[in-house]
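Remarks on the overall topology
One-letter residues, chain by chain:
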Amino acid sequence: MGDPREPPEGTPDGGPGNEDEYRSVVFDESFVRAARIQELSARERLSGSFGRATRPRVRLGPLGTVPRQALALLLLILLAFAAAVYFGVSSPKGTTARPEGSQLTVSLVSLSPASVVRPVADPANPFAALPVGYSDGAIGLGTPAGAATEHFSRVEVTKALDTVQRYLVASSLAPATLVQGATADVRAFVTPGEQAQFDAGVAQPVDDRHHAVTGWMVRFDPAQVALASDTVKVAGAMRIDEADSGTLQITTDHTFVYALKPAGAPSGAPVTLETVRRQLTFEFDRIDLGSAQLRLVDSVIQAGPEPCTTSMAGFLQPVLATPQGAPVPAPPAVDPGNHAHPAWQVCGVLTGS
């Protein structure tokens, strides 16, 4: 019988029973001493705390384990969120969100003359009869010196006042605006949020309290009216306030007096004085200040002599004097029960100048 330790078919070639194959492998004494065998404890074997051929993970308490890439992405999101919160809270002095869209509200008041409209006595000196207090052009605007408010520095207030003054010159004193139909110089001051409203008022002026171009500027129909003098007399003042911690507000109240004559009339033609009071409210945030633009939010216009029967939305419509005196159109009858006409249409009687 064969050896019971051998398989029935005998030891296969190349099997573990072939000692010749391992004769060339020699483990010397130094190799054996260097080999360190670590036996795991029973607790380690039960807990499975031995090396695994997997990517290391980071343990986050009750959340379990998270791969390092996921942890890095989470940290990046948290840092971005923290930066957004920081810059939102620490923006310059708590600047609030900017209002957009249609912001301007316009109120137009026609001032009808109490009697016939007569020309000035001396066309060469048309403003001789004005009361004391009027000055020529920009001097009469009475722009104050800039002074710091609670949330705006003196430099910021000064810049706002300078922008308002230049806007008033462009919209109330420049001949190109007054009698040549130009609008680009005025539009350049308007913030992007109001430009659509401005453009709609220029393209199709309507007295709906929002789309009257005369709320933005003083203008006369070039086909009907010309300047008898390039000088415009002005009296008024400006007031500085804050609408909130991030909005500077400037209110202006000025009376402008224009010397007018019929378009194409020769020198020596009758001259009419047109009086226009503009009470305007402007607002600025720090973006507006940086771009030297403004938001005109309220405009109240009183103008005369104007007929109560004609809209002033597109052009002011002065009643021009004739040598004998121009007759005054009768004011229209108002029926408060007729809702086809807006309730805000008003007309007063011109006095004082």
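**Some points on the pairing of strand β8 (residues 272–284)**
Of all 13 residues in β8, eleven are buried; the element is thus mostly enclosed. As judged from the 13 bridges shared by strand β7 (residues 247–262) and β8, these two strands associate in the antiparallel manner. Paired with L260 across the strands is T272, a residue of β8. Where β8 lies against strand β9 (residues 295–304), nine bridges are found, and the strand directions are antiparallel. Opposite L280, over in β9, you have S299 as the bridge partner.

**Notes on the state of the cysteines**
In total, this model carries one disulfide according to the counting rule given. C308 shares a disulfide with C347; S-S distance 1.5 Å. Taken together, the residues span a long stretch of sequence, with C308 in the loop between β9 and β10 (346–350) and C347 in strand β10 at a distance of 39 residues. For C308, a relative accessible area of 17% translates into the label buried. In this structure C347 comes out as partly exposed when scored by relative accessible area, which is 38%.

**Side note on helix α7 (residues 192–203)**
With twelve residues, α7 extends 17 Å between its outermost C-alpha atoms, agreeing within 8% with the 16 Å of an ideal straight helix rising 1.5 Å per residue. Along α7, the residues that are buried comprise G193, E194, Q195, Q197, F198 and G201. For α7, the secondary structure elements touched by its buried residues are α6 (184–187) and β9.

**Considerations on the side chain of Q293**
Looking at where Q293 falls in the secondary structure, it is placed in the loop between α8 (286–291) and β9. With relative accessibility at 15%, the residue Q293 sits in the buried group. Once residues within four sequence positions are removed from consideration, Q293 is found in contact with T163, A188, F189, V190, T191, P192, Q195, F284 and D288.

**A word on the pattern of salt bridges**
Inspection of every chain in the model, using the stated rule, returns nine salt bridges. Note that D136 is salt-bridged to K233, the shortest N-O span being 2.5 Å. Pair noted here: D136 is in strand β4 (residues 135–136) and K233 is in strand β6 (residues 233–244), with a separation of 97 residues, a long-range link. With relative accessibility at 18%, the residue K233 sits in the buried group. Of the charged contacts, one joins E156 and R286 as a salt bridge, the two residues approaching to 3.1 Å between their closest N and O atoms. Separated by 130 residues along the polypeptide, E156 in helix α4 (residues 154–173) and R286 in helix α8 bring together distant segments of the chain. According to the relative accessible area criterion, R286 is buried, its value standing at 15%.

Cut-offs used in this document
- Residues numbered from 1 in each chain as written.
- Predicted model: local features only at pLDDT ≥ 70, side-chain atom pairs only at ≥ 80, totals over all residues.
- Heavy atoms only, no water.
- Buried < 20%, exposed > 50% of the residue type's maximum accessible area, 1.4 Å probe, protein only.
- Helix = DSSP H or I, 4+ residues; strand = E, 2+ residues; numbered from the N terminus.
- Pairing = 2+ DSSP bridges.
- Disulfide = S-S within 2.5 Å.
- Expected span 1.5 Å × (residues − 1).
- Contact = heavy atoms within 4.5 Å.
- Salt bridge = Lys/Arg side-chain N within 4 Å of Asp/Glu carboxyl O.

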